[in-house]
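# Descriptive analysis of the structure
Residue strings, one per chain:
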Amino acid sequence: MTTLTNDEAVPQSTQKTPLVAAGLLMAVLSAVTFSLSGPLGRGLFDTGWSTGGVLVFRVGIGALVLAPFAVRALAGRWRSVAASWRVVVAYALLAIVVPQFAFFSAVQWMAVGPALLLEYMGVVLVVGWMWLRHGERPSRLTMVGALVAIAGLVLVLDLVSGANVHPFGVLWGSAAAVGLAGYYVLNAHSSTTLPPLALAWLGLTGATILLVLLCLIGAIPFAMETSPVVLAGLEMPWWGPLIGLGVLTCSIAYAAGIAATRTLGSRLSSFVGLLEVVSAVVFAWLLLGEAPGLIQLIGGLVVLAGIIAVQQGEQSTTAS
């Protein structure tokens, strides 16, 4: 049995089977479900929920939903859990706790669209990591794409017109980018044989324990409210968005994302994952009424164009 050790879990030149179509479907599903995180979380924040409160329930519900499916997938393979404990711990901390906490913190200081675009600069960080850590020098197209993405980021934050951008939002969004980069790197480089459902469940379980401990010691503020939440002009009970966060944006999103990355490789899956940016802006518009301005819209398109160029440059480097 051949072990895959490089950044591309599966060479893209050989991806011509129905398995690839299934991987693309999983990647799209993961991106769309992840994109609901900001709008649903923002609705809870507006009623008085804290970042810690939302995360504990979101990640905890996600772990509970995946538990029976993960246990079934691990039948006869429980030894692989002990052998992969380092991967599980790293995944819980870097791929789940850091990006989620940082993103939800950013959403409390800025609109969902710009916060998510900041987070997705993590795709560029993956390129830098592969260069510094593995000596894989990016191509000229990759470097141009990175510069274009940074220029687009300035437009998204509306820095050109002198808009008041809170530095806390930028800092938290940047931290989320680091977590996102860790998510893709761990998915591609992990040598674990754990099934995607099992890795997602174990990671979410570990993240839940860590978040609860951080809340108990006061490192993360915990607050929850039972007031109704208003989304898209409709009033709903507080537990409605929480179930959506746990089931859609956590259990389904992480399991589908791991499966997609193992099938497509980190670069192609991260490219498809950019659909989350577009989808999140649409959901923020529909659910929160956050219609993007012209400058932000142009900036978003420039960022997407830059990251697409980064991905294409990386693909050409791999092919050569």
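These lines cover the structure that appears in this document, whether it is placed above or below. Small disclaimer: the values here were computed from a predicted structure and weren't measured. (Residues numbered from 1 in each chain as written. Predicted model: local features only at pLDDT ≥ 70, side-chain atom pairs only at ≥ 80, totals over all residues. Heavy atoms only, no water.)

## Structural notes on the overall build of the protein
Scanning the protein from N- to C-terminus turns up 14 helices and two strands. Buried positions account for 50% of the 320 residues belonging to the protein. For the protein, the accessible surface area stands at approximately 14,500 Å², while carbon and sulfur atoms represent 72% of it. (Helix = DSSP H or I, 4+ residues; strand = E, 2+ residues; numbered from the N terminus. Buried < 20%, exposed > 50% of the residue type's maximum accessible area, 1.4 Å probe, protein only. Areas by Shrake-Rupley, 256 points an atom, 1.4 Å probe, with all protein chains shown as cover.)

## Observations regarding the environment of L125
Locating L125 in the fold gives a position in helix α7 (residues 122–134). Relative accessible area serves as the criterion here: at 40%, L125 is assigned to the partly exposed category. Spatially, the C-alpha atom of L125 lies 9.0 Å from that of L180, the residues being 55 residues apart in sequence. Not counting residues up to four positions away in its chain, the partners in contact with L125 are A177, V178 and A181. (Contact = heavy atoms within 4.5 Å.)

## Section: the environment of N187
Here N187 is to be found in helix α9 (residues 167–189). The residues touching N187, leaving out its near neighbours within four places in the chain, are Y91, G257, I258 and T261.

## Remarks on the packing of helix α3 (residues 51–73) against helix α10 (residues 196–216)
It is the contact of α3 with α10, at a shortest axis distance of 8 Å, that shows an interaxial angle of 150°. The pairing of α3 with α10 is recorded here as roughly antiparallel in orientation. Crossing of α3 against α10: the hand is left-handed. Here α3 contributes G52, L55, V56, V59, G60, G62, A63, L66, A67, F69, A70 and V71 to the contact with α10, which in turn contributes L197, A198, A200, W201, L204, T205, A207, T208, L211, V212 and C215. (Axes fitted to C-alpha atoms, helices over the stretch in contact; angles between N-to-C directions. Parallel < 35°, antiparallel > 145°, perpendicular 65-115°, else oblique. Left-handed = near helix turned anticlockwise from the far one by under 90°.)

## Remarks on helix α11 (residues 239–264)
Its 26 residues give α11 an end-to-end C-alpha distance of 35 Å, which sits within 8% of 38 Å, the value for a rise of 1.5 Å per residue. Bending of α11 peaks at approximately 35° at the position of A253. Looking one or two places after α11, you find G265, whose phi comes out positive at around 95°. (Expected span 1.5 Å × (residues − 1). Bend = angle between axes of the 7 residues up to and from the residue.)

## Describing the nonpolar core
Y91, Y120, Y183, W201, L204 and Y254 are the most contacted members of the largest nonpolar core, which has 80 residues in total. Of the residues forming this core, the biggest block, 13 residues, is contributed by helix α5 (residues 85–107). When residues no more than four places from it in sequence are discounted, the contact partners of L204 are V59, G62, A63, L66, I96, C250, S251 and Y254. Residues V20, A27, A260 and L264 belong to the second largest nonpolar core, which totals five residues. (Core = buried A, V, L, I, M, F, W, Y, C linked by side-chain atoms within 4.5 Å.)

## Considering the packing of aromatic side chains
As enumerated under the stated definition, the model contains nine aromatic pairs in all. Look at W109 and F168: their rings are 5.2 Å apart centre to centre, the planes differ by 80°, and that puts the pair in the edge-to-face class. Remark: F168 occurs in helix α9 and W109 occurs in the loop between α5 and α6 (112–119); sequence separation between them is 59 residues. With relative accessibility at 41%, the residue W109 sits in the partly exposed group. Given a relative accessible area of 43%, F168 falls into the partly exposed group. Taken together through their ring pairs, the aromatic side chains of F34, Y91, Y183, Y184 and Y254 make up a single cluster. (Phe/Tyr/Trp six-rings, centres within 6.5 Å; stacked < 30°, edge-to-face > 60°.)

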